[in-house]
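Tertiary structure, described
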Number of protein chains: 2
Amino acid sequence: MPLRDHPRVVMGHGGGGAMSAELVEHIFAPAFGGPVLAALGDSAAVTLGGVRLAFSTDSYVVRPLFFPGGSIGDLAVNGTVNDLAMSGATAAYLSVGFILEEGVETSVVGRVAEALGAAARAAGVEVATGDTKVVEAGHGDGIYLNTAGIGLIPAGVDLRPQRARPGDVVIVSGPIGLHGVAVLSVREGLEFGVGIESDCAPLGGLVQAILAVTPDLHVLRDPTRGGVGAALNEIAAAAGVGVVVEERRVPVPPQVAGACAMLGLDPLYVANEGKLVAFVPRVHAEAVLDAMRAHPLGADAAIIGACVAEHPGMVVARTALGGTRVVDLPVGEQLPRIC
Amino acid sequence: MPLRDHPRVVMGHGGGGAMSAELVEHIFAPAFGGPVLAALGDSAAVTLGGVRLAFSTDSYVVRPLFFPGGSIGDLAVNGTVNDLAMSGATAAYLSVGFILEEGVETSVVGRVAEALGAAARAAGVEVATGDTKVVEAGHGDGIYLNTAGIGLIPAGVDLRPQRARPGDVVIVSGPIGLHGVAVLSVREGLEFGVGIESDCAPLGGLVQAILAVTPDLHVLRDPTRGGVGAALNEIAAAAGVGVVVEERRVPVPPQVAGACAMLGLDPLYVANEGKLVAFVPRVHAEAVLDAMRAHPLGADAAIIGACVAEHPGMVVARTALGGTRVVDLPVGEQLPRIC
C-alpha cells in the first residue's frame, strides 16, 4: 500500500530524516522483517560461522561527481567504511556496484574508479567483488555507485544507538558541516567561493584509537545525511533518552556558518563524511577526548553535550544566549543528493 | 584514461560480454587491484576471522519492474543468492540499496519491497541492512536496486572457473532462455504472447543437493547476462580449456526457440535467472545429474557437453546437422536491462 501522506516518492524520502524513517517503518520493515534490520544502526551486526561481523551498504548519488575534497568514489569507500567503524569494526572487504548512464565518458568512469581504488587503499580495505550495469541516457546521472562492506567486530565491543545512557558525554570528533557545504559550493546555480573542502575520510583508525582507551563506549555514529541533528535524534529515540547540546561548544567553521547563514541552513543538519559522534560514559570522557585529539582526524574533537534522563527521545540545544530550542529530526533533506 | 575504442559508455558495456570484460580489464582491475577481484567469479571467496565467506553484489535495473514470473525484487534476491551459491555457499545475509526516482508511486515501492521480502524468506536469507536514496525525476527509472550478500563456504568446497578440466562433463540444470524471453515479452513495443514465465528462483537448495553427492565439483556458474554462451566462454578462458556443446542436447523450450527465431536471437545468449551450469568430473556426472533431477529446480537437468584439451579458451557447438560453429563471447548485450 502507498504511504498515506505520500502517494509518490519525493526528494525528502532520501534525506535521512523523518521521511526516510517513514519509508523504513511503513514499507521496508514490514516487508523485510527480521530482528537485525530492526536494530537500524549504521551497520548490522550479524554472526556467521561463529564470527561477529558488521555488514553495511549505501548507494551514492552525489551531484556533481567531483567536488572540493573528494568525489563519489571517495564517498563510496569512506561512507561504507565509516558505517562499519561505527560498530567498532575495521572494514575488510568491499563490494562495488556501478550503474552507468549511457553516454558518460569512459575517462570519467576511470577517474571515479581510480579515486575509489585510492580511497580503498588509504582505508586499508580490499575491493573484493563488483558489478556494472548500464542504463539508457536520460535514466541515470552519469554514475551511481553502491558499496557494501564487511568487517570483524572486536570481542567485547557493543556499540548501538540503544545503548546511550543518561550521564553519557556527547563528543563530536571535529568541525561539522564541511561536506555538505563543499558539495553545495560547486552545485549548479549555487556557486559561492567559500574555499571549503569536504571532510570525507575513513574513520576506522580513529575508532580503533578510541577503543584502545576503552571498549566501554555506548554509541558511535557518523553524522552524514541529516547531520549531527539527525544522528542525535535517532540515538535519543532508539535509547529513550534525552540529549542536551551546548550550541557554543559545537565546532562550526566560520565558512560553514557563513554559508549556512546565507542559504538559510542549520549547520546541525548539514552532512559530514569524516566525523563521528560518540556517547561515552562520563568516567571515560577525558581519556577518549585525549585519544581523539591525538589522532589527525580527531584533532579538534570537542564535548558538545550530554545524555539526560529528561525529555526522552528529544534533543534540546542550549543557545549561546542562554535559551533552549528543540532540535527536531529533520523532515526531509535540506540538501538533496549530497552523498 | 578512456577506453580507446569507446570514449563513452554504451549499453553494451552492461551486457556481461566482451565489452563488460573490457571495462573490468582496462578500468576497474587496474584501479582496484587486489588478488580477490582478479579471480572474477560470480562471487568472491574471502577469509574473515578464520572463516571462509562468499561475498557478492549485483545492481538491478530491469525494465519493466514486474514481468511474468517475477519482479525486480525477486531478481535482487535470487541474483545475489545464486552468485553466492555458485561458490557452494548458502546465503545468510543480504544488504539492500534502493535508488528511487522522484515521483514513483510509494505503492510500487511497497510492492517491490514485499516481493523482495517474500523472495528472501523463500531463499532462507535475512535482509540485514539497507539504504535508500532518491534522485530527481528524469534521472532514474522508477526503482534501481542493489543487493550484496554473504554466506559461509563449506569446508572442502572450492568452486572456481579456473578449476574446469578436460574430461569434465558440462551439465545445465534445466531449460534455458526463459528469463530473457519473459522480460522481452512484456517490453514496450515488443509484446508477443508466448505465455512464458521467468525462471527466477533461488538455487541454494539445488547446490546443496549436488554437494551432498560430491564436494568434488569444479565449477558452478549461473548463466545470467550473456546466457549459457557467455558463461561457458568465461570458464573456458579462465581455465584455459576448450568446451564442446552438443546443440541437440541443450534444453531450449519451444516458446523460447520460437521467440528467438522471430527476434533473431541465439538462445545460448539469452539470460537465465534460475539455472546453473556445472563442470563435473566424469566419474561423478551421473550421480550429480540424478541429484539434480531429484530436485524441483533441476528436474530437466541435462548433460550438454564436455570440457576438452583442444582449442583452449574456445567454445564450440556441434550443430544438429553434424557441423560445428564457434560460440563466441557475446560482444555487448542482445537484450539490454534484462536484470
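What counts and how
- Residues numbered from 1 in each chain as written.
- Chains lettered and ligands numbered in written order.
- Predicted model: local features only at pLDDT ≥ 70, side-chain atom pairs only at ≥ 80, totals over all residues.
- Heavy atoms only, no water.
- Least-squares fit on C-alpha atoms with pLDDT ≥ 70 in both.
- Contact = heavy atoms within 4.5 Å.
- Domains from an automatic or database assignment.
- Buried area = accessible area lost by both parts, 1.4 Å probe.
- Helix = DSSP H or I, 4+ residues; strand = E, 2+ residues; numbered from the N terminus.
- Nonpolar A, V, L, I, M, F, W, Y, C, P; charged D, E, K, R; others polar.
- Expected span 1.5 Å × (residues − 1).
- Buried < 20%, exposed > 50% of the residue type's maximum accessible area, 1.4 Å probe, protein only.
- Arc of directions from axis to C-beta.
- Axes fitted to C-alpha atoms, helices over the stretch in contact; angles between N-to-C directions.
- Parallel < 35°, antiparallel > 145°, perpendicular 65-115°, else oblique.
- Left-handed = near helix turned anticlockwise from the far one by under 90°.
- Salt bridge = Lys/Arg side-chain N within 4 Å of Asp/Glu carboxyl O.
- Polar contact = N/O pair within 3.5 Å; in protein donor to acceptor, adjacent residues only side chain to side chain.
- Phe/Tyr/Trp six-rings, centres within 6.5 Å; stacked < 30°, edge-to-face > 60°.
- Lys NZ or Arg CZ within 6 Å of the ring centre and 35° of its normal.

Attention shifts here to the relation of the copies chain A and chain B. For the pair chain A and chain B, the best superposition has an RMSD of 0.0 Å and corresponds to a rotation of 180° with a translation of 0.0 Å parallel to the axis. Here the transformation between the copies is reduced to the relation of a two-fold axis. The residues that chain A uses at the interface reappear at the interface of chain B in 100% of cases, marking a shared surface.

What follows concerns the domain arrangement of chain A. All names here are of chain A. By the assigned domains, chain A splits into domain 1 (39-152) and domain 2 (161-326). Using only C-alpha atoms to locate each centre, domain 1 and domain 2 end up separated by 23 Å. Domain 1 puts 23 residues into the contact, and the matching count from domain 2 is 26 residues. A per-residue breakdown of the area domain 1 buries against domain 2 is headed by Arg 63, Pro 68 and Met 86, which together make up 30% of the total. No other element matches the 8 residues that helix H3 (residues 72-85) contributes to the side of domain 1 that touches domain 2. When grouped by side-chain class, the residues that make up the side of domain 1 that touches domain 2 number 12 nonpolar, 7 polar and 4 charged.

Residues and elements named next belong to chain B. Under the 1.5 Å per step criterion, the end-to-end length of helix H9 (residues 282-293) is 17 Å for 12 residues, consistent within 8% with the ideal 16 Å. Where H9 is concerned, the buried positions are Ala 285, Val 288, Leu 289, Ala 291 and Met 292. Within H9, the buried residues cover an arc of 160° as seen down the axis, which keeps them to one side.

Take the packing of helix H1 (residues 18-32) of chain A against helix H4 (residues 106-123) of chain B next. Helix packing geometry: the angle between the two helix axes and the distance between the axes. Relative to each other, H1 of chain A and H4 of chain B sit at 20°, their axes nearing to 8 Å. In terms of their interaxial angle, H1 of chain A and H4 of chain B are classed as roughly parallel. Regarding H1 of chain A and H4 of chain B, the two cross each other, and that crossing is right-handed. Within the contact between the two elements, H1 of chain A uses Ile 27, Phe 28, Ala 31 and Phe 32 of chain A and H4 of chain B uses Thr 106, Val 109, Gly 110, Ala 113, Glu 114, Leu 116, Gly 117 and Arg 121 of chain B.

Glancing now at the pattern of salt bridges. The full count for this structure, using the stated rule, is 30 salt bridges over all chains. The residue Arg 225 of chain A makes a salt bridge to Asp 131 of chain B at a minimum N-O spacing of 2.8 Å. Of the two residues, Arg 225 of chain A sits in the loop between strand S9 (219-221) and helix H7 (227-239) while Asp 131 of chain B sits in strand S6 (residues 126-135), which places them in two different chains. Just as Arg 225 of chain A is buried, Asp 131 of chain B falls in that class too. By sharing partners, the salt bridges in this structure join Asp 58 and Arg 225 of chain A together with Asp 131 and Lys 133 of chain B into a single network.

Before going further, it helps to examine the interface of chain A and chain B. Contact with chain A, which involves 84 residues of that partner, is made by 84 residues of chain B. Here chain A and chain B share 10 salt bridges between them. The salt bridge partner of Glu 136 of chain A is Arg 63 of chain B, with a shortest N-O separation of 3.3 Å. In this structure, the connection of chain A to chain B is made through 32 residue pairs in polar contact (both at pLDDT 80 or more). Grouping the amino acids of the side of chain A that touches chain B by side-chain chemistry returns 42 nonpolar, 26 polar and 16 charged.

Bringing the packing of aromatic side chains into the picture now. Taken as a whole and assessed by the stated rule, the structure comprises 6 aromatic pairs over all chains. Pairing Phe 28 of chain B with Phe 32 of chain B gives two aromatic rings, centres 5.7 Å apart and planes at 10°, and the pair type is stacked. Residue Phe 28 of chain B and its partner Phe 32 of chain B are located together in helix H1 (residues 18-32), separated by 4 residues, close to a single helical turn. Of the two residues, Phe 28 of chain B and Phe 32 of chain B, neither departs from the other in class, the shared state being buried. Chaining the aromatic ring pairs together yields one cluster made of Phe 28 and Phe 32 of chain A together with Phe 98 of chain B. Here Lys 133 of chain A stacks its cationic end above the ring of Tyr 60 of chain B, 5.7 Å away from the centre of that ring.

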